[in-house]
Structure formats: structure tokens, C-alpha cells
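Listed below are the residues making up each chain.
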Amino acid sequence: MRRLGFALSLLAAAAATTIFFTETRATLRSVHALRQALARDLDLALATAERHGAAPSSDELALASSRRRAALEQSDTLAVGFWQGAHEPSDYLLTRAARGGERRDDRRALLDDALLALQVDVKEVPGLSPTRLGLVAPSLSRAAPLDEEALAEQFTRVVAVRLLALTLRRRAPLDLQSATLTFEQRDRLVARVTVVGSIDQLVGVIEELAAPSADAPPRSLRNFTLRRQEPEEWRLTGPQFTSPPACLDATLCFLFPGGTEASR
Amino acid sequence: MLMRPAAWGIDLTGGALRALHIERAGRRNRILDAIEIPLSGPGEGAEALTAHLPEAAGRALAEFVRTHAAALGDPVVVALPVFGARHGRAEVAVTAAGQAEKLLEFEVQRAVASDLEPWLVRRGPTRSSASGAPGCDWFAARREHVQCVVGDLQRWRLPFDLLVPGPLALARYCELEWPGRGRRLMMECQRTRTDLLFLLGDGTQRWRSLPLGCGALADAPVGPTRDAEARRLAERLRAEWREAHLALFGAHDGTAPERTVLLGEAARHPELRHALAAATGLELVTPHAPRTFVVTARAAPQQPLHHGTAIGLALAALDRAGDPWSLVDPPRGRRLTRAVPALSGALLALAAGLLATDFIAARELHRLAALRERVVAPVDPRVQADWASAGATITAANQRSEALLAAIDDAGRRWPLARHLIAALAETTPPFRLLSCAAEPGTPADLVRLTFEPVAGAVGSDVGAVGDVDAITRWLHDRVGLNVTGVEERRGPDGTRRVDLVAALPHAAAKP
């Protein structure tokens, strides 16, 4: 029994020794080399991190995601407040509650309705010509052939003209000497208005044109010039003013949503 | 499991084979097994003084070897019959330590015989006597006798390691079980042999082996015959030990035993114990309870503590220092055989260590490889994309917010100024009235140009009335927040005085 045990032990030792010299030694050498390589890689990784910064950790990613969400929420909140909840020019033809929904399929009908309604307002303001302001003539029989871009431009002009018309009508009598609309950018429509009226009327005009309102996009008063009208300059055929009139020349920029700047 | 050292002590003298298997467990010795096989015939009470062992011992050994072959791998120590052997103590005068050994060697040789060739001599360790003289005990057996015994044991195929004189093994047992208990006579009385061992308490040991025993007493019927035999044997033993004491120690005072310890088969016979006590007049004791031994249930029926020689033999093998009295050296083959388990264990440990090294190295290799893969692996593209996307989105959202805020500021900043300026036209601002104003955006302030003309008939309406211009300037600053930076006076087309003012309206100072 002892000899059998010894033989088995000898066999085990021989096998283990063989394994050691054939495999374990190579493994140990590999371990040694791998440790050295790992040390080099770690040094390299540390140097890289020192130069370019370390890769973000999960906590940093979570923080970045949170900040992104907060930044977007802040930006959206600002945008909603700035554009009164509108996402495109046609939204200003709707009530505040109806804005921001899905893109309407009946936008053409909405434009036609707005153009028709605008005719009534424009007629009450002498000197305000829809055609010269770039609006298409509305037709009850057929719709004007407009592509998407032209449609968006018409909505933009309709909103601006409507604001001008309503303002001038409410502050009548006024002598509108000129009114033009030109696009500075796709989302920026610049209106130049020259109007003569009493000081009180002109104050109201400025207030309504430049102050924030729910049915028009934000406006920026680029510049204005105000000068007294001398008695000899008063038009005899024009409206009669209760006090010596002044001439207001204002440049106003309508900021519509959907452009590149200040929009998503 | 850790193997504990164990050894066999086999005593073939005295008319019986007595074999004890003893294991050393720490400081205690454990008697694992005890075998007693009678060799002498019924009523036989004396031993033949022959060089060879009795033939009956061969048969008993064959039976013993057959039944205990598995345990005979442990060291086996056999008792050498000491008939015809010599022993004594050699002392030299106090001298230099380096020379004492050589002098003792010489003294021992001189004491044994003039011709040492027929003798096998063994020396005990050197120790000084009470007078300080270095000395040693010695033992000499005839070489032929030893060869006969060894030849018998080999012929009967008993594997053995040491051959130790029986009385010296008995002395080892007694010194262990009753150390330093004064002058004692250890009397191991077997069936056909009696060993008398005198222990003086100072390390001095003297012994004599007698070819008579208690065989006749053991086989005698209980009754008067047995009592008579006991008294006869006791008287014989008393006479023998007195003669032996006189021969060994002379008539010196202070060496007479104070107590007798009776061992061997005789200790089992109360008749002999009483007769011996009466004959010698000494206290006589027999071992009843073990002192330094643990007796297993397997060995207890054989009353192993009575077999002092067999116990001493096994103790000799268990002693790490070895036994200097052995007349043979342990066979190399048996030593190697006993080393096989340890060697096997070492080989297994080596194999386990090598395999464990292989396992650990392989696991470490995989761990390091995985670690390196993590170190050198590029950052997950999704993570990079998420990080870049988050950064770009935050930047874009912030830019959009800033643009919106700028637009809000721009849209709400200028129209209050216009309203105020226009409203100012309606107010009376003597001695000037506002003719025109023009505002142009600028950074960091808007530029406002104002033209005033004096009110006709008002005080200070002439050109050069600096105090009135100052009043207008203050009025503009207080009411509208304009800081006038330039003043120019001129005449209008109708010859009236005109004052052109250039004012800067910082963005932050615009008043609603």
C-alpha cells in the first residue's frame, strides 16, 4: 500500500513537474510580460487622460443628460414665451390655445380666410395696399397656386399686414404716407412705415406696433424718426388733426418662428 | 491526517512472546496493542542458556507476523537475551574534557576483555559521578550470540530495526514511569527468566538476569501447593538478589534497595507478591494504574504495564535521540520504507504546489488580460456619442436661449424710448420745443438725435443761452434716461435758432 501510494505520488509529482515545465513556466512568463504591458498601458492611459481628459464616467453622463434636458426645457420655455406658443407664422392666425399642434392640413383655407378678412381691415386704412405689401388677391372660386414656401411667405405677410391695418385703423385718423414689407431673412420681415398724425395717435401707433401682442410675433423697433410737421406741410386734403401733427418714420422687424436664429 | 510515531517492542525471552505497540501522542505514550504468546511448556520455570532463541519463538513470531503484518512497518525493537553478557561502569579521573572520551573508551575496552574481537561493545552517554569523575555505563555481548539471535529473527522473517539488551530496556521504562524515587529493585519475573534491576536514584543502574521464573507457579494448582511454590520461589529470588547486590555493589552502605517493584508475569500472582514481601522485608509494589501511559481497551486485558522490557524496547525506538545500546543498526530498507509516507506526502505536496501554481498563474493571466483589455479598449462609441450629443445639444440650447434672450431684450428695449420721446413732443418744455428725433440702434448704446427750437418769446430763446440747453439736457436725462453727448446750435431755414443734441442711451439705462 505504501509503495502504491509512493508510486502514485511519484507519478503525480512527475506529471505536475511536466506540466510546470511545459505550460506553467510559459504562463508565468506571460503573466510577467502582461504585467509589464499593463503597466505601460496604464501609463499611456494616464498620459492620454492628462492630455485629452478622461472618458466620461456614468455619473458624468447622467449629469450631462440632466443638463441637456434642463437646457432644452429652458430654451423651449423661452421660445414658447417669446413666440406666444407659435411654431410657424400661420399659428398667429389661430388662438393661443390652438397653436403648437400638428401641422394643419387646411392651411390653404386658413390663408384664404385670413386674406378675405384682411380685405375689410385694409379698406378702412387709406394708403394701405395689400398688393403692394406682397399679398396675393383672394379668390372665392379658386385658390392661388402657391407652393409651400410661398404659402409660408403669405402667412408671414398676412400677419404683419393685419397688425398694421388693425393698428392704423384703431388710431385713425392718420395719414399713411408709405408702408413696405421686405424680407431680411426667411423669418425676419422688416416693415417700414411713414405716417402722419397727432402726437397722441403716434404714441398709440408706436405702442401697438412695437409692444408685445398675442396675435403677432415679437417685433423689434429698428429705428424711428419723428419730426414735427410745419403748418405749411399739412395736407389740405388729408385727415384733419386735432393738434399739430408729426411725421413718424419707423422701421420695424417682425421676428417669426421657424428661422435659423433663435429657433430650434 | 498527521501520522503519529509508533513502534513495536518485542520480548522473546522469559518463556513467552510479548509484543507491545506504542504510539507517542505529544508527551504521553499510548499502548495501542499488547500480544502475549506463551512459549514455554507447562510447569517450566527455567530457561535454557543457549545462544539461539527457542524454536517455539519462531512459531510464535510467524503467527505474530502473519496477524500484524500491516502494523510492522513501524520500528520494531527486539530484546536481546543477556545471558553471558557483561556490563559495568567505567570512570576516569577528572581531566580535560577533550581527553575524557578517549580515556573512557580505553577504560571500557580494558574492562570488557583483553581481546575485543568476540565482543560487541556499546557505551552509554558520558555523565559525571557524585565525585565529579566522568564516566559511562557499558555493555558487551558476544558477537556470536548476537549473530545467532539476528540470524534466528531473520530466519523467522521478523522485520526488526534494533536489538537492545532486555534489562536496559527495562531500565528505560522504570526511569520513565518512576523517575527518581530512591533506591529501588525492579524485579521483572517472567515464566522462565527474572531480571533484577537495581536503581540507586542517582542514575546508577545495575542488573542481573536470572534463568529462572514463575512458570511453575503459574501452572501450579491453587491451594497449598501453589503457596508452597510461591514461598520457594520467593526465597530463591531473595537469595539471588542478595547475591547479585553483593556482587554488583559489594558491601557498601547506602545501596540497599528501599522498595521492590514487581513486574512481569509474577506481578499477577498475589501468593508470590505476599511471599516476596515477607521474604525481603521491603515494600513491594506492582503497577496498577498507568502514570505516563494511556492504555487502550484493546491492550488492557494483557496488563501491558507489567511488561516493562517490551515497553522499554518500544520507547527506545520512539526516542528521538535513538538508543545507544542497540547492537544492530536499523536496516536501510526499513528506514526507507518508513520514509515512504513522508516522501509520498512531500511528492504530493510538490505536485499540489506545482498544479496550484499553474492554476493560479492561469487565473492571473486571464485576470490581467481582461484588465488590459479594459485599459486599452477605446471608450464605448455610444458613450462618446452620448457625451458629444449632450455637449452639442447643451451648446445649441444655450445659444438658442441666448439668442432668444437677446431678441427679447432687443424687442422690448427700444419701443418705450420711442413712446416717451414721442410723448415728449406733446409736453411743454420751455423755453424749447422738440422738433424732431431720430433713434438708431447701436452697441453698447443707441444713438438718439434730437432737434429743439426755442419757443417764441420765451426767456433765453436767443442763441447762446447756455443755461437753457443745460435745462433740456437735465430734462432728457431725468425723464428719458438720455445722456447728451453733443450739442450743436444753428439757424433754421426761417432764421430761428435750432439746437441739435446727440444723446446716447445705454441699453441698460433705457427707462420704460
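Bear in mind that the values here come from a model prediction, so they are computed numbers and not experimental data.

Participant: Explain the confidence of the model for chain A to me, using residue names and the numbers behind them.
Facilitator: Residues and elements named next belong to chain A. Looking at chain A, pLDDT values average 84 and 91% of them are 70 or higher. Per-element confidence in chain A is highest for strand β2 (residues 188-197), whose mean pLDDT is 91, and lowest for strand β3 (residues 219-228), whose mean pLDDT is 83. Below pLDDT 50 for its whole length, residues 260-264 participates in 8 contacts with residues either more than four positions away or in separate chains.

Participant: Which residues make up the sheet that holds strand β19 (residues 497-506) of chain B, and what values do they have?
Facilitator: Read from one edge of the open sheet, 8 strands run β1(A)-β2(A)-β4(A)-β3(A)-β16(B)-β17(B)-β19(B)-β18(B), paired in antiparallel fashion. Both edges of this open sheet fall to β1 (175-185) of chain A together with β18 (483-491) of chain B, since each of them pairs with a single strand only. The average undirected angle you get between the axes of adjacent strands in this sheet is 20°. Of the pairings in the sheet, the one linking β18(B) to β19(B) comprises 8 bridges and is antiparallel in character. Bridge pairing links B:Glu489 to B:Val499 in β19(B). Here helix α4 (residues 148-170) of chain A sits on the sheet in contact with β1, β2 and β4 (246-255) of chain A, set at roughly 20° to β2(A). In the packing of helix α5 (residues 199-210) of chain A onto the sheet, the strands contacted are β2, β3 and β4 of chain A, and the crossing angle to β4(A) comes to about 5°.

Participant: Explain the interface of chain A and chain B residue by residue, including any values.
Facilitator: If you look at the interface, chain A gives 63 residues, while chain B gives 59 residues. Contributions of two or more residues to the side of chain A that touches chain B are made by α1 (2-52), α2 (58-82), α5, β3 and β4 of chain A. Among the elements that take part in the side of chain A that touches chain B, α1(A) stands out by supplying 25 residues, more than any other. Pairing of β3(A) with strand β16 (residues 432-440) of chain B involves 4 bridges; the strand directions are antiparallel. For A:Arg227, the partnering residue across the bridge sits in β16(B) and is B:Ser436.

Participant: With reference to specific residues and values, describe unusual backbone geometry.
Facilitator: A cis amide bond, omega 5°, links A:Ala172 with the succeeding residue A:Pro173. Looking at the secondary structure, you find A:Pro173 in the loop between α4 and β1. The backbone of A:Gln84 shows a phi angle near 60°, a positive value even though the residue is not glycine. Tracing the chain through its elements places A:Gln84 in the loop between α2 and α3 (107-123). One non-glycine residue, B:Arg157, lies in the positive phi region at around 60°. In this structure, B:Arg157 sits in the loop between α3 (143-155) and β9 (162-165). What makes B:Arg157 exposed here is the crowd of 12 C-beta atoms within 10 Å.

Participant: Could you give me a rundown of the nonpolar core, with the residues and numbers involved?
Facilitator: Ranked by size, the top nonpolar core spans 92 residues in total, and within it B:Ile10, B:Leu17, B:Val77, B:Val164 and B:Ala314 carry the most contacts. Residue contributions to this core peak at 8 residues, all from helix α8 (residues 308-318) of chain B. Not counting residues within four places of it along the chain, the set of residues in contact with B:Val77 comprises B:Ala7, B:Trp8, B:Gly9, B:Asp161, B:Leu162, B:Val164, B:Leu313, B:Ala314, B:Ala316 and B:Ala317. Counting 72 residues, the second-largest nonpolar core is a separate cluster that includes A:Val161, A:Leu226, B:Leu434 and B:Leu435.

Participant: How would you sum up the confidence of the model for chain B? Please name residues and give values.
Facilitator: All names here are of chain B. Per-residue confidence for chain B gives a mean pLDDT of 84, with 91% of residues at or over 70. The spread of mean pLDDT over the elements of chain B runs between helix α11 (residues 466-479), the lowest at 74, and strand β1 (residues 6-11), the highest at 93. The low-confidence segment residues 458-466, where pLDDT is below 50, has 15 contacts with residues more than four positions distant or belonging to other chains. Predicted as a complex, the structure gets a pTM of 0.54 and an ipTM equal to 0.72.

Rules of the game
Residues numbered from 1 in each chain as written. Chains lettered and ligands numbered in written order. Predicted model: local features only at pLDDT ≥ 70, side-chain atom pairs only at ≥ 80, totals over all residues. pLDDT = per-residue confidence, 0-100. Helix = DSSP H or I, 4+ residues; strand = E, 2+ residues; numbered from the N terminus. Contact = placed C-beta atoms within 7 Å. Pairing = 2+ DSSP bridges. Axes fitted to C-alpha atoms, helices over the stretch in contact; angles between N-to-C directions. Buried ≥ 20, exposed ≤ 12 C-beta atoms within 10 Å, placed from the backbone. Core = buried A, V, L, I, M, F, W, Y, C linked by C-beta atoms within 7 Å.

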